[in-house]
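Residue-level structural notes
Residues per chain, in single letters:
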Amino acid sequence: MVNETTLLFLRWISQKIADEIKEMKKINAPLYNQTYVNTGNGPVVILLHGLFGNFSLWKKTVDALTDKYHVIVPRFPIFDLPVHNTNIKYLVRVLEEFIEWNELTNVTLVGHAI
């Protein structure tokens with residue numbers, strides 16, 4: 001049987017490991033996280049380009065929203081991926097990692113042709 005001290009230690013060490021993993025992720029930004037539009041102030045709006053587009057497709061929209069919103073247009077690594085990863089399921093994971101990496105909360109997602 002596990003005693004209270006052991007349980008406290010296991011919780012503590014688990015948290016330390018989780019914190020260390022989080023810090024390790026912060027040291028090396030994923031490639032797709034290194035090129036994106038990030039402008040304006042206010043509630044966060046993430047604009048998602050289509051499968052064969054890029055962030056330049058959102059220029060007029062970014063210009064219109066920048067005064068009232070924090071606008072982010074991530075660069076999805078569509079052309080950098082192996083063919084078996086060019087699917088919505090994988091791109092959702094990429095987006096989740098992007099949001100987590102940038103410590104964003106309460107975001108509004110807007111997309112086209114996805």
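Right, let's walk through the structure included here.

**Considerations on the sheet that holds strand S3 (residues 70–74)**
The strand order across the open sheet built from four strands is S1-S3-S2-S4, with neighbouring strands paired in mixed fashion. Looking along the sheet, the strands with just one partner apiece sit at the ends: strand S1 (36–39) and strand S4 (108–111). Here the strands of the sheet are splayed against their neighbours by 20 degrees on average, with no regard to which way each runs. In this sheet, S4 lies alongside strand S2 (residues 44–48) in parallel orientation, the contact comprising four bridges.

**Remarks on the pattern of salt bridges**
Counted by the stated rule, this structure contains one salt bridge. Across the pair Lys59 and Asp63 runs a salt bridge whose closest N-O atoms are separated by 3.1 Å. A residue pair is termed a helical-turn pair when its members lie 3 or 4 positions apart in one helix, as Lys59 and Asp63 do in helix H2 (residues 59–65) at four residues. Residue Asp63 is classed as partly exposed on the basis of its relative accessible area of 48%.

**Some remarks on the pairing of S2**
Counting buried residues along S2, five of its five residues qualify, which places the element largely inside the surrounding structure. The two faces of S2 match: Val44, Ile46 and Leu48 on one face and Val45 and Leu47 on the other face are all buried. Pairing of S2 with S3, which is carried by three bridges, proceeds in the parallel orientation. Across the sheet, Val45 pairs through a bridge with Val71, a residue of S3.

Reading the values: rules and limits
- Residues numbered from 1 in each chain as written.
- Predicted model: local features only at pLDDT ≥ 70, side-chain atom pairs only at ≥ 80, totals over all residues.
- Heavy atoms only, no water.
- Pairing = 2+ DSSP bridges.
- Helix = DSSP H or I, 4+ residues; strand = E, 2+ residues; numbered from the N terminus.
- Axes fitted to C-alpha atoms, helices over the stretch in contact; angles between N-to-C directions.
- Salt bridge = Lys/Arg side-chain N within 4 Å of Asp/Glu carboxyl O.
- Buried < 20%, exposed > 50% of the residue type's maximum accessible area, 1.4 Å probe, protein only.

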